[in-house]
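The primary structure of each chain is shown beneath.
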Amino acid sequence: MATVELRFSALPEHVRTARLVAAAVARRAGVDESVLDELRLAVGEACSRAVALHQRNGVGGAVRVALTEQEKRFLIEVADEAGPAHAAGAAATAGDPEDEDALGLAVITGLVEDVEVGNGSDGGVIRMSWPVTPVSVTV
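Residues numbered from 1 in each chain as written. Predicted model: local features only at pLDDT ≥ 70, side-chain atom pairs only at ≥ 80, totals over all residues. Heavy atoms only, no water.

> Mind showing me how you'd approach the environment of Thr-3 here?
Among the secondary structure elements, Thr-3 is positioned in strand 1 (residues 2-9). A relative accessible area of 49% means that Thr-3 is categorised as partly exposed. Between the C-alpha atom of Thr-3 and that of Gln-70, which follows or precedes it by 67 residues, the distance is 8.8 Å. Setting aside residues no more than four positions away along its own chain, Thr-3 makes contact with Ala-66, Leu-67 and Thr-68. In terms of polar contacts, Thr-3 uses its side chain to reach the side chain of Thr-68, at 3.2 Å. (Helix = DSSP H or I, 4+ residues; strand = E, 2+ residues; numbered from the N terminus. Buried < 20%, exposed > 50% of the residue type's maximum accessible area, 1.4 Å probe, protein only. Contact = heavy atoms within 4.5 Å. Polar contact = N/O pair within 3.5 Å; in protein donor to acceptor, adjacent residues only side chain to side chain.)

> Which parts of the structure should I look at to understand helix 1 (residues 15-29)?
Note on helix geometry: an α-helix contains 3.6 residues per turn, so any two residues three or four positions apart are oriented the same way. For helix 1, which comprises 15 residues, the first-to-last C-alpha distance of 21 Å matches the rise-based estimate of 21 Å (1.5 Å per residue) to within 8%. Residues of helix 1 that are buried: Val-15, Ala-18, Ala-22, Ala-23, Ala-26 and Ala-29. Down the axis of helix 1, the smallest arc covering the buried residues is 130°, so these residues share one side. Across helix 1 from its buried face, at more than 90 degrees, point the exposed residues Arg-16 and Arg-28. (Expected span 1.5 Å × (residues − 1). Arc of directions from axis to C-beta.)

> Help me understand the nonpolar core in this model?
Taken as a class, soluble globular proteins show a tendency for nonpolar side chains to be buried jointly. Ranked by internal contacts, the top residues of the largest apolar core, which has 30 residues, are Leu-39, Val-65, Phe-74, Ile-76, Val-78, Met-128 and Trp-130. Of all the secondary-structure elements, those providing two or more residues to this core are strand 1, helix 1, helix 2 (36-56), strand 2 (62-69), strand 3 (73-79), helix 3 (97-111) and strand 5 (124-131). Here this core gets 8 residues from one element, more than from any other, and that element is helix 2. In this structure, Val-78 is in contact with Ala-46, Cys-47, Ala-50, Val-63, Arg-64, Val-65, Gly-124, Val-125, Ile-126 and Met-128, ignoring residues within four places of it in sequence. (Core = buried A, V, L, I, M, F, W, Y, C linked by side-chain atoms within 4.5 Å.)

> What should I look at first to understand the sheet that holds strand 1 in this one?
Two orientations exist for strands paired in a sheet by backbone hydrogen bonds: parallel and antiparallel. Taken in spatial order, the 5 strands make up an open sheet running 1-2-3-5-4, and their pairing is antiparallel. In this open sheet, the two edge strands, each paired with only one partner strand, are strand 1 and strand 4 (114-119). Between one strand axis and the next, the sheet turns by 15° as a mean value, whatever way the strands run. Relative to strand 5, strand 3 runs antiparallel, the two being bridged by 7 bridges. Residue pairing across strands places Phe-74 opposite Trp-130, the latter belonging to strand 5. Sitting on the sheet, helix 1 is in contact with strand 1, strand 2 and strand 3, with an inclination near 10° to strand 2. (Pairing = 2+ DSSP bridges. Axes fitted to C-alpha atoms, helices over the stretch in contact; angles between N-to-C directions.)

> Could you clarify how one ought to interpret the packing of helix 1 against helix 2 in this entry?
Helix-helix packing is characterised by the crossing angle of the two axes and by the distance between the axes. Two elements in contact, helix 1 and helix 2, have axes separated by 9 Å at closest approach and are oriented at 145°. For the crossing formed where helix 1 meets helix 2, the hand is right-handed. Residues Val-15, Ala-18, Arg-19, Ala-22, Ala-23, Ala-26 and Arg-27 of helix 1 touch helix 2, and the partners they reach there are Leu-36, Leu-39, Arg-40, Val-43, Gly-44, Cys-47, Ser-48 and Val-51. Of the residues that constitute the contact of helix 1 with helix 2, the class distribution is 10 nonpolar, 2 polar and 3 charged. (Left-handed = near helix turned anticlockwise from the far one by under 90°. Nonpolar A, V, L, I, M, F, W, Y, C, P; charged D, E, K, R; others polar.)

> Help me understand the pairing of strand 5, please; the structure alone is not making it clear to me.
Side-chain direction in a regular strand flips from residue to residue, so the side chains alternate between the two faces of the sheet. Counting buried residues in strand 5 gives 6 out of 8 residues, a clear majority hidden from the surface. The pairing of strand 4 with strand 5 spans 6 bridges and is antiparallel. Opposite Val-115, over in strand 5, you have Met-128 as the bridge partner. Between the antiparallel neighbours strand 4 and strand 5 lie 4 residues.

So this is what it looks like as structure tokens:
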């Protein structure tokens, strides 16, 4: 089980890099080409959400993206350090920053069949996974 971990400062300009790295590692892991665009969008939404939580709450820590190649699944975890109160996303009212948070989560759940939003050690974690196509070796 190979894992690539990416940590970046909570700045919007780093989200694009996270998307590109996630797509490259997913392709190498055997994720079907037909879902790579959705994967990129989901990672972008999850990272943008984490960045927004950091900025909104004045948190200076890093956003962590873990890309794990398992036997039959490719797992991506995006973790923030915004604290447990913000981890799962609060109920939102129109115009609130949490409204954007809820919209981002809705986009992610629309793009990813297997997604889990929960708490990590320092904040929220979004876990997403996709099936991988086993690489056949011919001799």
